[in-house]
Amino acid sequence: MKYLKNRLTPALVILLLSAAPCLAESTPDPNKAVQALMQHRPQNNPAPLRALETLVSKSYNNPKYCAQLEQAMIALLKSNATPYAKHCICKQLVKIGSAACVPVLADLLLDPSAGESACYALRSNTSPQASEALRAALSKAKQPALSQIILAIGHRKDSSAIPYLIKLLKSEDEKVVRASMNALGHMADPRAAEALKRMKGGKYRIAATNGLLHCAQSLARANQRSLAVKLYRECI
């Protein structure tokens, strides 16, 4: 028994020594890391931002820490942080944002200083709540935020927004109309195709044709090949 103990001791010492750096390394406080950006501006030292980016990258395999980081970011977006700080945080939420951050991003959609960044973060958010938030903003947003929201909806291929997009085709704002046609082109849905067909006769003929081509591609990828072929022929 004594012999066995003497043989095990060196191995245990080596194991403990190798584990020591991991045990000593502490995970940075997510709140402190995020709060360091509160008054951040483009001309400031980028070190705090780089540090946060590193934490975000390391959090991918640590769901608990990732959630803590997200909560800290939500708190900053609700604060009086600088517009640039909020812009930087929205860029990080593109990477780790969940349904939890959707409400604060939705509130920022109509903020002229942060709306574009919030829209970008919602566009990449995989939760259904993000689609709902973007659709809800269609009736409230004004330009240029409205076009950005429409394009984000198209990027998400949110077919539930098709009725809203069809209504926006009647807008007097040319940019809104073009953005709506672009978004409809991403939808693998006959309703989108029919709406784009109706736009081919006026000044939006080229944009409508491009939208139909994109719509045909979307339909083909969704295995609706017969309708896709029909649209391709109509565009020729």
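Residues numbered from 1 in each chain as written. Predicted model: local features only at pLDDT ≥ 70, side-chain atom pairs only at ≥ 80, totals over all residues. Heavy atoms only, no water.

Trainee: Describe in detail the overall build of the protein chain, supporting the description with residues and values.
Mentor: Counting its regular elements, the protein chain contains 14 helices and 0 strands. Along the chain direction, N to C, the helices and strands of the protein chain fall in the order α-α-α-α-α-α-α-α-α-α-α-α-α-α. Per-residue burial over the protein chain gives 41% buried out of 236 residues. Look at the contacts in the protein chain between residues 6 or more apart in sequence, and 59% of them connect residues 24 or more apart. Of the accessible surface of the protein chain, which amounts to about 13,600 Å², a share of 56% is contributed by carbon and sulfur atoms. (Helix = DSSP H or I, 4+ residues; strand = E, 2+ residues; numbered from the N terminus. Buried < 20%, exposed > 50% of the residue type's maximum accessible area, 1.4 Å probe, protein only. Contact = heavy atoms within 4.5 Å. Areas by Shrake-Rupley, 256 points an atom, 1.4 Å probe, with all protein chains shown as cover.)

Trainee: Quick one: what's the story with the side chain of Asp-158, residue by residue and with numbers?
Mentor: Locating Asp-158 in the fold gives a position in the loop between α9 (145-156) and α10 (162-168). At a separation of 2.6 Å, a polar atom in the side chain of Asp-158 contacts the side chain of Arg-135. With sequence-adjacent residues up to four places away left out, Asp-158 is seen in contact with Ser-131, Arg-135, Ile-153 and Met-187. (Polar contact = N/O pair within 3.5 Å; in protein donor to acceptor, adjacent residues only side chain to side chain.)

Trainee: Explain the pattern of salt bridges to me, and be specific about the residues and the numbers.
Mentor: All chains considered together, the criterion is met by 6 salt bridges. The salt bridge involving Lys-197 is made with Glu-194; its shortest N-O contact spans 3.1 Å. One end of the pair, Lys-197, and the other, Glu-194, are both in helix α12 (residues 190-198), 3 residues apart, so they sit about a helical turn from each other. Classification of Lys-197 as partly exposed rests on a relative accessible area of 21%. (Salt bridge = Lys/Arg side-chain N within 4 Å of Asp/Glu carboxyl O.)

Trainee: Account for the nonpolar core, naming residues and giving values.
Mentor: Core analysis: the largest hydrophobic core is formed by 73 residues, its most contacted members being Leu-52, Ile-89, Leu-105, Ile-149, Ile-150 and Met-181. Contact partners of Met-181, with chain neighbours within four places excluded, come to Leu-169, Leu-196, Met-199, Tyr-204, Ala-207, Ala-208 and Gly-211. (Core = buried A, V, L, I, M, F, W, Y, C linked by side-chain atoms within 4.5 Å.)

Trainee: Describe helix α11 (residues 174-185), and please don't skip the residues or the numbers.
Mentor: Compared with the 16 Å implied by 1.5 Å per residue over 12 residues, the 17 Å span of α11 between its first and last C-alpha is a close match. Restricting attention to buried positions, one finds in α11 the residues Val-176, Val-177, Ala-179, Ser-180, Met-181, Ala-183, Leu-184 and Gly-185. Along its buried surface, α11 packs onto α9, α10, α12 and α13 (205-221). At the N-terminal boundary of α11, the capping side chain belongs to Asp-173, with an oxygen 2.9 Å from the backbone nitrogen of Lys-175. (Expected span 1.5 Å × (residues − 1).)

Trainee: Tell me what's going on with the packing of helix α8 (residues 128-137) against α9, and back it up with residues and numbers.
Mentor: Two elements in contact, α8 and α9, have axes whose closest approach is 9 Å; the angle formed by their N-to-C orientations is 145 degrees. When the axes of α8 and α9 are compared, the crossing they make is left-handed. Residue-level inspection shows Ala-130, Ser-131, Leu-134, Arg-135 and Ala-137 of α8 in contact with α9, the latter providing Ile-149, Ala-152, Ile-153 and Arg-156. Here the residues of the contact of α8 with α9 sort into 6 nonpolar, 1 polar and 2 charged. (Axes fitted to C-alpha atoms, helices over the stretch in contact; angles between N-to-C directions. Left-handed = near helix turned anticlockwise from the far one by under 90°. Nonpolar A, V, L, I, M, F, W, Y, C, P; charged D, E, K, R; others polar.)

Trainee: Residues and numbers for the environment of Ala-118, please.
Mentor: Secondary-structure assignment places Ala-118 in helix α7 (residues 115-124). The class for Ala-118 is buried, based on a relative accessible area of 0%. As for Ala-118 and Asp-107, which are separated by 11 residues in sequence, their C-alpha atoms are 8.8 Å apart.

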